[in-house]
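The residues making up each chain are set out below.
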Amino acid sequence: SAVISQKPSRDICQRGTSLTIQCQVDSQVTMMFWYRQQPGQSLTLIATANQGSEATYESGFVIDKFPISRPNLTFSTLTVSNMSPEDSSIYLCSVVPLAANTGELFFGEGSRLTVL
Amino acid sequence: GQQVMQIPQYQHVQEGEDFTTYCNSSTTLSNIQWYKQRPGGHPVFLIQLVKSGEVKKQKRLTFQFGEAKKNSSLHITATQTTDVGTYFCAGYGGDDKIIFGKGTRLHILP
């Protein structure tokens, strides 16, 4: 299994500002992903965080808006840039542990972002 | 791109009744996973199915993977209040990305 610490757990931000969300895992992982989940909705994959290289973004998400870093096997950050109310959502870090047999995803507690 | 459809979107059942949610993919899946998300919580892995026609059971939960590996179902027998939450299927399309269905929100009536 993996224990994921995600910070902040929630924040209220002003339009036009940026917020960086951190994801720290207690063990090495192969894959790290960032998902967005709007209230009552499903999980939408934003990007795959690649260690030491640029993240791989899904359709509809771009690096300028959601820059991602992954400096090592256990840590990643997602920045939500130039925020607007439409960015209000829960952002979830998820990982596939190195020792996982099934490729299951472990999720952080999420970061609930409200943009005013 | 790959899509994973899930029905129904909502389900209200009396405690003790059975519940089923269905998942369909537009493409063949290498495997399918199921997750449960309690209200206010984060998704938690339940199970993974890999083989065509595979059936797995976890106590009152029965998971099936279709013969063509494009559909799956989760059946809960005799629901309990602890079963409340949203159940997501998630498909592994073979490119290391997991795509989630929209989920089925289960509400239990006492």
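For the structure, see preceding data.
I will try to describe carefully the structure that is included in this document. (Residues numbered from 1 in each chain as written. Chains lettered and ligands numbered in written order. Predicted model: local features only at pLDDT ≥ 70, side-chain atom pairs only at ≥ 80, totals over all residues. Heavy atoms only, no water.)

1. Considerations on the state of the cysteines
All names here are of chain A.
Item 1. Tallying each qualifying case throughout the model produces two disulfides over all chains.
Item 2. Put simply, cysteine 23 and cysteine 93 are joined by a disulfide, and their sulfur atoms are 1.9 Å apart. A torsion of -60 degrees about the S-S bond marks the disulfide between cysteine 23 and cysteine 93 as left-handed. Taken together, the residues cysteine 23 in strand β3 (residues 19–25) and cysteine 93 in strand β9 (residues 89–97) connect sequence positions 70 residues apart.
Item 3. Cysteine 23 gets classed as buried once you look at its relative accessible area, which sits at 0%. (Disulfide = S-S within 2.5 Å. Helix = DSSP H or I, 4+ residues; strand = E, 2+ residues; numbered from the N terminus. Buried < 20%, exposed > 50% of the residue type's maximum accessible area, 1.4 Å probe, protein only.)

2. A short note on the pattern of salt bridges
Item 1. Counted according to the given criterion, the structure contains three salt bridges over all chains.
Item 2. Linking aspartate 87 of chain A and lysine 65 of chain A is a salt bridge whose minimum nitrogen-to-oxygen distance equals 2.6 Å. You can see aspartate 87 of chain A sitting in the loop between β8 (75–80) and β9 and its partner lysine 65 of chain A sitting in the loop between β6 (56–57) and β7 (68–72), a full 22 residues away along the chain.
Item 3. A salt bridge links glutamate 54 of chain B to lysine 56 of chain B; its shortest N-O distance comes to 3.7 Å.
Item 4. Using a relative accessible area of 16% as the deciding quantity, one classes glutamate 54 of chain B as buried. (Salt bridge = Lys/Arg side-chain N within 4 Å of Asp/Glu carboxyl O.)

3. Let's talk about the environment of glutamate 15 of chain B
Residue and element names in this part refer to chain B.
Item 1. Here glutamate 15 lies in the loop between β2 (10–14) and β3 (19–25).
Item 2. Glutamate 15 sits 63 residues away from alanine 78 along the chain, and the two C-alpha atoms are 7.0 Å apart.
Item 3. The contact partners of glutamate 15, leaving out residues within four places of it in the chain, are Thr79, Gln80, Thr81, Ile108, Leu109 and Pro110. (Contact = heavy atoms within 4.5 Å.)

4. Here's the deal with the sheet that holds strand β7 (residues 61–65) of chain B
Residues and elements named next belong to chain B.
Item 1. Strand order in the open sheet made by the five strands is β1-β3-β8-β7-β6, with antiparallel pairing throughout. Taken across any chain shown, the strands that pair with only one partner, and hence form the sheet edges, are β1 (4–7) and β6 (55–58). For this sheet the average axis-to-axis angle between neighbouring strands, irrespective of direction, equals 15 degrees.
Item 2. In this structure, β7 lies alongside strand β8 (residues 71–76), joined through five bridges in antiparallel fashion. The residue bridging phenylalanine 63 from the neighbouring strand is leucine 74, located in β8. (Pairing = 2+ DSSP bridges. Axes fitted to C-alpha atoms, helices over the stretch in contact; angles between N-to-C directions.)

5. Things to note about the interface of chain A and chain B
Item 1. In this complex, chain A contributes 20 residues to the contact, which on the side of chain B involves 16 residues.
Item 2. Both sides of the chain A and chain B interface together cover about 1,500 Å² of buried area, and 55% of this is carbon and sulfur.
Item 3. On the chain A side of the interface with chain B, the three residues burying the most area are Ser42, Leu43 and Phe107 of chain A, jointly 26% of the side's total.
Item 4. Counting the contacts that link chain A with chain B gives zero salt bridges.
Item 5. Connecting chain A to chain B are seven residue pairs in polar contact (both at pLDDT 80 or more).
Item 6. Those elements that provide at least two residues to the side of chain A that touches chain B are β4 (29–37), β5 (43–49) and β9 of chain A.
Item 7. Class assignment of the residues belonging to the side of chain A that touches chain B gives a composition of nine nonpolar, eight polar and three charged. (Buried area = accessible area lost by both parts, 1.4 Å probe. Polar contact = N/O pair within 3.5 Å; in protein donor to acceptor, adjacent residues only side chain to side chain. Nonpolar A, V, L, I, M, F, W, Y, C, P; charged D, E, K, R; others polar.)

6. Thoughts on the pairing of β4 of chain A
Residues and elements named next belong to chain A.
Item 1. Where burial is concerned, most of β4 is hidden: eight out of the nine residues are buried.
Item 2. Across six bridges, the pairing between β4 and β5 is antiparallel. Note that in β5 the partner of tyrosine 35 across the bridge is leucine 45.
Item 3. Taking the residues between adjacent antiparallel strands as the criterion, β4 and β5 are bridged by five residues, where glycine 40 takes a positive phi near 75 degrees.

7. A look at the environment of lysine 57 of chain B
Item 1. Note that lysine 57 of chain B resides in strand β6.
Item 2. Separated by 18 residues in the primary sequence, lysine 57 of chain B and histidine 75 of chain B place their C-alpha atoms 9.4 Å from one another.

Purely geometric numbers; function is a separate question.
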